[in-house]
Amino acid sequence: MRALILAPVLLLSACAAAGHGAHRTAQAAGPVGATATADVLNGAGAAIGTARFTEGPRGVVIRLELAPGSIAAGWHGAHLHESGDCADFAAGFKAAGAHAGHAPTGQPTTHGLLNPAGPEAGDLANFYAPAAGPIGAEFYAPGVTLAAAAIGARAPLRGPQGSALILHANADDHASQPIGGAGGRVACAAVKP
Ligand SMILES: [Cu+2]
């Protein structure tokens, strides 16, 4: 009986995961444990890896996996930005907007995990890209939710504008304004509403 009941659910999940269109964008959301996966696009608009978002009880875990050599070796800043739009890759992903999670959650609008007046909901740890071999990182964002509306003070990644994971050219110093000196936007993964 258990197999008969579960089978339709698995089929639905497989259909949803297949997606439509040239690039996957994160669509799914739901209870704790729900996941959504989006392609990470570089400045040429090519997919260089994936970002998988998983809803936790008090925040979102983000696993980043990039192809070897797909981003410059060294430390990189990563933030959640306020708009799920990675289409303007040639213009440096400006459409992704500012950092996520300002209004209406009441969270700090000062940038920096190490800034006494911060952090913003979209602030994440740096990651290191080796010169050779696969690139992987996990981030934990306690200030956000995969849901379509805020949960308490947790800002919605799937609100009307969606959101985006932006990877920056340089490391984030976690203190200076407005983005910790992280430099240009070199890659983007969109979370659609
Ligand atoms: Cu940023």
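Scroll up a little and you will see the structure.
Note that the structure is predicted; figures quoted are calculated from it, not measured.

S.K.: Help me understand the nonpolar core in this model?
M.R.: Taken as a class, soluble globular proteins show a tendency for nonpolar side chains to be buried jointly. Among the nonpolar cores identified, the biggest contains 30 residues, and F53, L80, F127, L165 and L167 are the most heavily contacted of them. When residues of this core are traced back to their parent elements, those giving at least two are β1 (35-42), β2 (47-55), β3 (60-66), β5 (78-81), β6 (127-129), β7 (135-141), β10 (163-168) and β11 (185-191). If near-sequence neighbours (up to four positions away) are discounted, L165 is found in contact with A51, F53, I62, L64, A78, H79, L80, L124, A187, C188 and A189. One finds C86, A96, A164 and I166 within the second-largest nonpolar core, a separate group that totals eight residues.

S.K.: Mind showing me how you'd approach the coordination of the copper ion here?
M.R.: Any two of four tetrahedral donors ideally make an angle of 109.5 degrees at the metal, while pairs among six octahedral donors ideally make 90 or 180 degrees. H79 (ND1), H81 (NE2) and H168 (NE2) make up the full set of protein donors to the copper ion, lying at 2.0 to 2.1 Å. On the basis of relative accessible area, H79 is assigned to the buried category, the value being 0%. For H81, a relative accessible area of 0% corresponds to the buried category.

S.K.: Help me understand the environment of A150 in this model?
M.R.: Relative to the assigned elements, A150 resides in the loop between β8 (144-145) and β9 (155-156). Setting aside anything within four residues of it in sequence, one finds A150 in contact with T105 and P156.

S.K.: Looking at this model, I keep getting lost on unusual backbone geometry. Mind explaining?
M.R.: One can expect most non-glycine residues to show negative phi and most peptide bonds to be in trans. In this chain, G118 is followed by P119 through a cis amide linkage whose omega measures -5°. Mapped onto the elements, P119 comes out in the loop between β5 and β6. Note that the residue after Q177, namely P178, is joined by a cis bond; omega there is 0°. Relative to the assigned elements, P178 resides in the loop between β10 and β11. In the Ramachandran plot, F93 falls in the positive-phi region, its phi being about 60° despite a non-glycine side chain. Among the structural elements, F93 can be located in the loop between β5 and β6.

S.K.: Would you take a moment to explain the pairing of β3 for this structure?
M.R.: Within a regular strand, the side chains alternate between the two sheet faces. Only one face of β3 is covered, namely the face carrying V60, I62, L64 and L66; the face carrying V61, R63 and E65 is uncovered. Alignment of β2 against β3, held across seven bridges, turns out to be antiparallel. Counterpart to E55 in the pairing with β3 is V60. Where β2 folds back on β3, the antiparallel hairpin that results is connected by four residues. Sheet topology note: the β3/β7 ladder contains seven bridges and is antiparallel.

Basis of the calculations
Residues numbered from 1 in each chain as written. Predicted model: local features only at pLDDT ≥ 70, side-chain atom pairs only at ≥ 80, totals over all residues. Heavy atoms only, no water. Core = buried A, V, L, I, M, F, W, Y, C linked by side-chain atoms within 4.5 Å. Buried < 20%, exposed > 50% of the residue type's maximum accessible area, 1.4 Å probe, protein only. Helix = DSSP H or I, 4+ residues; strand = E, 2+ residues; numbered from the N terminus. Contact = heavy atoms within 4.5 Å. Donors = N, O, S within 2.8 Å, 3.2 Å for Na, K, Ca; no water. Pairing = 2+ DSSP bridges.

Functional significance is not addressed by these values, which are geometric in nature.
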